[in-house]
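One letter stands for each residue in the lines below.
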Amino acid sequence: MSNRFGPAIATVMSAGARVLGYVIYGFLRMVYRRDPRMIALFAGGIGAIALLVWLIVR
């Protein structure tokens, strides 16, 4: 009996990797252009997500 969720999990992970790649590319592009407002906004968004995850897990 094969696992029916394997292809779905692979698709979700592939989409997640693509999104992560775009996020990293955007961040590196902002750093290269030295736009401090966008870097601060990006870092603040990551900090807010980390805080939210920490509050949920705690």
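Not measured: the values here are computed from a predicted model. (Residues numbered from 1 in each chain as written. Predicted model: local features only at pLDDT ≥ 70, side-chain atom pairs only at ≥ 80, totals over all residues. Heavy atoms only, no water.)

### Focus on the overall build of the chain
(1) Moving on: In terms of helices and strands, the chain carries two helices and zero strands.
(2) Moving on: When the backbone C-alpha atoms are referred to their principal axes, the chain occupies close to 55 × 30 × 10 Å.
(3) Moving on: Within the chain, the fraction of its 58 residues that count as buried is 2%.
(4) Moving on: Counting only carbon and sulfur atoms, one obtains 72% of the accessible surface of the chain, whose full area is about 5,500 Å². (Helix = DSSP H or I, 4+ residues; strand = E, 2+ residues; numbered from the N terminus. Buried < 20%, exposed > 50% of the residue type's maximum accessible area, 1.4 Å probe, protein only. Areas by Shrake-Rupley, 256 points an atom, 1.4 Å probe, with all protein chains shown as cover.)

### Notes on the environment of Leu28
(1) Moving on: Along the chain, Leu28 turns up in helix H1 (residues 6–33).
(2) Moving on: Leu28 sits ten residues away from Arg18 along the chain, and the two C-alpha atoms are 15 Å apart.

### Details of the environment of Val53
(1) Moving on: Here Val53 is to be found in helix H2 (residues 36–57).
(2) Moving on: Along the backbone, Val53 and Leu41 are twelve residues apart, and their C-alpha atoms lie at a distance of 18 Å.

### Quick word on the environment of Met30
(1) Moving on: Within the fold, Met30 resides in helix H1.
(2) Moving on: Here Met30 falls in the buried class, since its relative accessible area comes to 13%.
(3) Moving on: C-alpha separation for the pair Met30 and Phe5, spaced 25 residues apart in sequence, amounts to 37 Å.
(4) Moving on: Not counting the four nearest positions on each side in its chain, Met30 is found in contact with Asp35, Met38, Ile39 and Phe42. (Contact = heavy atoms within 4.5 Å.)

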